[in-house]
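Reading the structure
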Amino acid sequence: MEKLFGKIATARKTELSAAYDGGAHSATSGLVSGTRVAGRMGWRPVEAVAVGDEILTFDDGLQKVVRIRRTPYWTGHGACPEALWPLFVPAGAIGNRVEIWLLPEQLVIIENDAADELMGDAFAMIPAHTLEGYLGIERRAPCAEFELVTLYFEDEQVVFSNCGALFHCPAETDIVIDLFRPSERRSYKRPSLSIARQIAECIAIEFGAELCSTSDKIAAA
């Protein structure tokens, strides 16, 4: 089975406000500040992207960002709970050229036989936390505050990053506007958590790795 990771994604967020949250936040998905995405003017930090900017997408070429949500990950008011620790991903573990940080609920797009057998589709999105323990992927306590940035498009998109990974970005949602939108919009296929864990386990076995999740540690304590 070919090791084909590299399409890193962010989970869909339900919050609709575009305002900056000033207090502590326990979000578990979003692009970490410092991540560079490809746009019309080349690579730029995700935190520097503005509404209306055109970002290069995997399926539809250059697409305009219609909304941005900025959220501080942890403001330092007390210790960050281990369940919310970000995941450190060594270079090469999931197709990334350099080491990166992922949040627990960020979705990773993978292509392998296990996904095809379990879902009938070789491509699948699984939460990053299901890969804990795989090829050095581990949770680490945040040593500094950083910002999470969620880019919204008219349709769900996958955007390019300079680390060699692809990130999923959600579609803008509005109850009123949605009434006048086409009934069919792109929606990337997501397995249930149990199937996602099975896919991750198959991948780990293939490469002789051993998975270990924070929830498992807590249950064993």
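Residues numbered from 1 in each chain as written. Predicted model: local features only at pLDDT ≥ 70, side-chain atom pairs only at ≥ 80, totals over all residues. Heavy atoms only, no water.

If you trace the backbone, G95 turns up in the loop between β8 (87-89) and β9 (100-102). On a C-alpha basis, the gap between G95 and G164 in space is 6.5 Å, while along the polypeptide they are 69 residues apart. (Helix = DSSP H or I, 4+ residues; strand = E, 2+ residues; numbered from the N terminus.)

Walk down a regular strand and you will see the side chains alternate between the two sheet faces. Of all five residues in strand β10 (residues 107-111), four are buried, a share of seventy percent or more. By the bridge criterion, five bridges tie β10 to strand β11 (residues 123-127) in an arrangement that is antiparallel. Of the residues in β11, the one forming a bridge with I110 is A124. (Buried < 20%, exposed > 50% of the residue type's maximum accessible area, 1.4 Å probe, protein only. Pairing = 2+ DSSP bridges.)

Taken as a whole and assessed by the stated rule, the structure comprises two aromatic pairs. The interplanar angle of 65 degrees and the centroid separation of 5.4 Å between the aromatic rings of F88 and W101 together place this pair among those described as edge-to-face. One end of the pair, F88, is in strand β8; the other, W101, is in strand β9, and 13 residues separate them in sequence. Using a relative accessible area of 10% as the deciding quantity, one classes F88 as buried. Above the ring of Y152, the side-chain terminus of R67 is found at 3.8 Å from the ring centroid. The lysine or arginine in question, R140, covers the ring of F88, its NZ or CZ lying 3.9 Å from the ring centre. (Phe/Tyr/Trp six-rings, centres within 6.5 Å; stacked < 30°, edge-to-face > 60°. Lys NZ or Arg CZ within 6 Å of the ring centre and 35° of its normal.)

Right, let's talk about the pattern of salt bridges for a bit. Per the counting criterion, the structure on display carries five salt bridges. E172 serves as the salt-bridge partner of R67, at 2.9 Å between the closest nitrogen and oxygen. One end of the pair, R67, is in strand β7 (residues 67-72); the other, E172, is in the loop between β15 (166-169) and α2 (175-178), with 105 residues separating them in the sequence. Using a relative accessible area of 6% as the deciding quantity, one classes R67 as buried. In this structure, the salt-bridge partner of R140 is E138, at a minimum N-O distance of 2.8 Å. Taking relative accessible area as the criterion, E138 reaches 35% and is therefore assigned partly exposed. (Salt bridge = Lys/Arg side-chain N within 4 Å of Asp/Glu carboxyl O.)

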